[in-house]
Amino acid sequence: MFKSRKKVAAGLGAAVIAGTAGLVAVAPAASAGTVTVNAVCQVPVLGEKVGPQTVTVDLTPVTGPAGITVTANVDLGPPPITSPFAFANAKAQSTLHLTMSGAATGVVNLAGPEVTLDLPANVPIDPAPFTTTFTIPASAGVGAINFEPTGSTNVTDIPGVGKQTAPCVYTGGGTVATFTTKAPPGPVTAVVAPTTIKQGESGTVTGTGWEGALDPANGVQLCAGTTCQPYPVNNIAIAGGNLTGGFTVVEQVPPGSYTLKLTSDSGQSTNTNAFTVTGIPPVTLGASPNNGEVGTTTAVSGTNWPAGSVTVQGLKSDNTPTSDAPVTVTVGADGVLAASYTVNDPATAKIGATGGGKSGSTPFTVKQGQQLTQPIEGEVIGGGLKFEQAASGITLTPITLNGKPQTMNGALNQVKVQDFRGTTLGWSLTGQITDFTSPAVSGVIAADRFTWTPACAVTNPDSPSQVQTGSAGTVGALCTQTANAPGQVSGGEFTADAATKLAVPAWQLSGTYTATLTLTLI
């Protein structure tokens, strides 16, 4: 059963809708965000209906910059109209009109949803509350914008009757809601000092002109160029409009140039000046002397160690501690380690140090009894880089002119390369060819018509280097051996072969053509 005052829907402007103000329940006293207006509604067929109506509007937020989107919660009381007949499955929708004054002028139309309901006879209908959004005009000035309900449009679509519109004009209600427009945020500053920060150390951040607080999600971001990501290792905050605090450069941040991007919850954002992150230099450790008999005391020294306690301990060859007692020293802010350590365990192979998350070691040799030394030396003489060819001439297959392009085939006389230099160097074997000429008939075949397909191989399986074959095509690189890394000998024994072709034009002076192919090994 339909009950009076049930929150169902808005809009009672059908041709059959009728009622009087006397049938409308007495409006409650106005509260914050609620006013009572005098509603004058024009109902189709039935004419003008007049009576009180409550209007409640709550805005969220109630302050912000011009152009911001605001959420409005609207609750309209029953208008001074009813239907003399009951109807089922009617569709109704109401739009509240708010007139702005103060820092902005104009009308805001807050449209509720269309709903389906059953209309009882002669019973006021209380529309259901609804939520919608609207935009504060971008042209609004700074200050309060007052919203006064000045009317509504109620549309009802009744099966068999059609869609009817009942506009209402409101007077006497006054301001139902207020929004205060704030001035746009001013420029902000953010400065990082120092401009060079070592991994593991901290920098400070200062700034002015800030409002609110740092954005909880992305208030502080570390940026490398335009790529930024949240950086939680900080204690930066906004207090009294100023940006204060600092951040720590963790060791996971690679060396390079960075900025911090700061963003407040009021929409302010800026990047700091650029600062450079430098890597932590590796720790060093040494012992002097680095050898001696059991009972030798050595001076252990190092650099770049974290300030604090560092433990010095003898180590065996498998890095397990020796039986000698460890020594603990304190490293100052300069990172210099200095300790005196006595080696009594003959199994000592190293002296190690550990502290502040860093560790290192240096060799130490324990001499067993008295020793004599005899230096031994010998010279390994390089054998040089050389090559030789199996023969000195190439004969191409003859052709008989037939009015079509033809190919004269041949093969490079095999070349043997020996690299016995005993170095880390590489070598390259290249070719260069002249034009083919037949002086007797003044005939010429251009050099670029001669092509080859190189084939290079390692002939000594013990050769420390491989060989790379050159590309097929015009004469150029035949074979190449790349250089090795320092300390890794290069060289070996190799062969170089190539299939050759000479492309002869369809119309060429007949004769014997010769050219010179020069091979260069460097």
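Scroll up a little and you will see the structure.
If you're wondering where the values come from, they're calculated on a predicted model, not measured in any experiment.

**Q** Any chance you could explain the overall build of the protein chain here in plain terms?
**A** A tally of helices and strands in the protein chain yields 0 helices and 43 strands. Rg of the C-alpha trace for the protein chain: 47 Å, well past the compact-globule value of 24 Å for 522 residues, more than 25% over. By principal-axis analysis of the C-alpha atoms, the protein chain measures approximately 125 × 95 × 45 Å. Taking all 522 residues of the protein chain together, 38% fall into the buried category. As displayed, the protein chain has an accessible area near 26500 Å², and 54% of this comes from carbon and sulfur atoms. Each charge class in the protein chain was averaged separately, 20 positive and 27 negative side chains, and the resulting centres sit 10 Å apart.

**Q** I tried to follow the sheet that holds strand 23 (residues 286-288) on my own but got confused; where do I start?
**A** Adjacent strands of a sheet pair through backbone hydrogen bonds, lying either parallel or antiparallel. The antiparallel open sheet is built from 3 strands, whose spatial order is 23-25-28. At either margin of the open sheet sits one strand with a lone partner, and together these are strand 23 and strand 28 (337-343). Ignoring which end each strand starts from, the neighbouring axes of this sheet average 30° apart. Of the pairings in the sheet, the one linking strand 25 (residues 296-302) to strand 28 comprises 7 bridges and is antiparallel in character. Residue pairing across strands places Gly302 opposite Leu337, the latter belonging to strand 28.

**Q** What's the story with the sheet that holds strand 39 (residues 468-469) in this structure? I'm lost.
**A** Here 4 strands make up an open sheet; going across it, the order is 39-41-35-43 and the pairing antiparallel. One side of each edge strand has no neighbouring strand; the edge strands of this open sheet are strand 39 and strand 43 (517-521).

**Q** I tried to follow the state of the cysteines on my own but got confused; where do I start?
**A** Covalent bonding between the sulfur atoms of two cysteines defines a disulfide. Summed over all chains, the structure comprises 3 disulfides. At a sulfur-sulfur separation of 2.0 Å, the disulfide partner of Cys223 is Cys228. On the sign convention where negative means left-handed, the S-S torsion of about 110° between Cys223 and Cys228 marks this disulfide as right-handed. By relative accessible area, Cys223 is classed as buried at 1%. Each disulfide pairs two cysteine sulfurs, and for Cys456 the partner residue is Cys479, the sulfurs being separated by 1.8 Å. Its torsion about the S-S bond being -85°, the disulfide of Cys456 and Cys479 is classed as left-handed. With Cys456 in strand 38 (residues 450-458) and Cys479 in strand 41 (residues 477-481), the pair connects residues that are 23 residues apart, well separated along the chain. Pair check on accessibility: Cys456 and Cys479 agree, each one buried. What links to what in the protein chain: the bonded cysteines, counted in sequence order, pair as 1-2, 3-4, 5-6.

Reading guide: rules and limits
Residues numbered from 1 in each chain as written. Predicted model: local features only at pLDDT ≥ 70, side-chain atom pairs only at ≥ 80, totals over all residues. Heavy atoms only, no water. Helix = DSSP H or I, 4+ residues; strand = E, 2+ residues; numbered from the N terminus. Rg over C-alpha atoms; globule rule 2.2 N^0.38 Å. Buried < 20%, exposed > 50% of the residue type's maximum accessible area, 1.4 Å probe, protein only. Areas by Shrake-Rupley, 256 points an atom, 1.4 Å probe, with all protein chains shown as cover. Lys, Arg positive; Asp, Glu negative; His and termini not counted. Charge placed at Lys NZ, Arg CZ, Asp CG, Glu CD. Pairing = 2+ DSSP bridges. Axes fitted to C-alpha atoms, helices over the stretch in contact; angles between N-to-C directions. Disulfide = S-S within 2.5 Å.

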